[in-house]
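Here is what each chain is made of, one letter per residue.
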Amino acid sequence: MPETGLDQGILLSEKNAAGILRLTLNDDKRRNALSEEMLRKLKDAFSSAAADASVRVVVLAAKGPVFSSGHNLKEMTAAREHDDRGRVYFVKILALCSEVMQGIVACPKPIIAEVSGIATAAGCQLVATCDLAVASDTAQFSTPGVHIGLFCSTPMVALSRNVSNKHAMEMLLTGDMISAARAAEIGLINRVTSASELGDAVFKLAQKIASKSSLTLATGKRAFYEQREMNLSKAYEYASNVMVENMLAFDAEEGIGAFVEKREPQWRDK
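Residues numbered from 1 in each chain as written. Predicted model: local features only at pLDDT ≥ 70, side-chain atom pairs only at ≥ 80, totals over all residues. Heavy atoms only, no water.

Trainee: An account of the sheet that holds strand S5 (residues 66-68) is needed here, citing residue identities and associated values.
Mentor: Here we have four strands laid out as an open sheet, ordered S5-S7-S9-S10, and mixed in their pairing. A single partner strand is all that each edge strand has here, and the edge strands are S5 and strand S10 (178-179). Alignment of S5 against strand S7 (residues 118-120), held across two bridges, turns out to be parallel. Directly across from Ser-68, in S7, lies its bridge partner Ala-119. (Pairing = 2+ DSSP bridges. Helix = DSSP H or I, 4+ residues; strand = E, 2+ residues; numbered from the N terminus.)

Trainee: Lay out the packing of aromatic side chains with the relevant residues and their values.
Mentor: All chains considered together, the criterion is met by one aromatic pair. Ring plane angle 85 degrees and centroid distance 5.1 Å describe the contact between Phe-224 and Tyr-225, whose orientation is recorded as edge-to-face. Judged by its relative accessible area of 15%, Tyr-225 falls in the buried class. (Phe/Tyr/Trp six-rings, centres within 6.5 Å; stacked < 30°, edge-to-face > 60°. Buried < 20%, exposed > 50% of the residue type's maximum accessible area, 1.4 Å probe, protein only.)

Trainee: Any chance you could break down the pairing of strand S6 (residues 111-115) for me, citing the residues and the numbers?
Mentor: For S6, the tally of buried residues reaches five of five residues, placing the bulk of the element in the interior. Of the two faces of S6, both are covered, the one formed by Ile-111, Ala-113 and Val-115 as well as the one formed by Ile-112 and Glu-114. Alignment of S6 against strand S8 (residues 132-136), held across four bridges, turns out to be parallel. Bridged to Glu-114 within S8 is Val-134.

Trainee: Can you explain helix H6 (residues 165-174)? Please cite residues and give values.
Mentor: Regarding H6, the residues found buried are Ala-168, Met-171 and Leu-172. Considered in projection along H6, the buried side chains sweep an arc of 95 degrees and stay on one side of the axis. Of the exposed residues in H6, those oriented more than 90 degrees away from the buried face are Lys-166 and Leu-173. Its buried side turned inward, H6 meets helix H4 (122-129), strand S9 (140-142), helix H5 (153-160), S10 and helix H7 (180-186). Within two residues after H6, Gly-175 carries a phi angle of roughly 70 degrees, on the positive side. (Arc of directions from axis to C-beta. Contact = heavy atoms within 4.5 Å.)

Trainee: Describe the packing of helix H10 (residues 232-248) against helix H11 (residues 250-261), naming the residues involved and giving the relevant values.
Mentor: In contact at an axis separation of 4 Å, H10 and H11 are set at 70 degrees when each is read in the N-to-C sense. Relative to H11, H10 is oriented roughly perpendicular. Touching Asn-246, Met-247 and Leu-248 of H10 are Phe-250, Ala-252, Glu-253 and Ile-256, all from H11. (Axes fitted to C-alpha atoms, helices over the stretch in contact; angles between N-to-C directions. Parallel < 35°, antiparallel > 145°, perpendicular 65-115°, else oblique.)

Below is the structure:
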């Protein structure tokens, strides 16, 4: 797919004519760690994608054998030299990471993780936070903090919202690496492909989603994350109100009309 490159640093950015924005972690030497610099670049990239009407879907990928190893522990260890033993820095970096993860959820554009390698700790959190995730059969996942005396508490937030309690606790308490097949089985990712087919599989999925009304996608994504934090009656009340407003939008009228008339809809994204 022909694309236009926008950045050639540790985070690559490419957008094609269909509105698919591909962000690629490009810090293989540091195992694509979520350093302070990487987190700031991701935060800015998701914020820009949210505001860019030409972006319809975002794909998050990585170069090298590691999708992301999580936080840069060398940076965090260096902060221990401060008088406060690193407290101020730890608060800052974890708040920044939380902003990135919440930015993914708040972004009105669907975000798909394309995982070809290992995703551990906050790297696994990154995968779990994306709306969809497709992995190669060589990918692996873990929350290994217990091995070094540091429970993966913030990755736990995303993990526990994707898989059942017992599956999440098993990963968190053992720190064991799980295969892509197991990750799909427990709901951490959507599907598994061969390494050679991964890029095409993600592109086809992104292209299918990009063909929909962006207004409808944004409405649905926002409603999905809002309602799941509510009790049942509040969720239905909220979702009903969302659906009423959605029905009054042009794209719903056009989409229903196109379905009845057996033709392709012409979206206006409003």
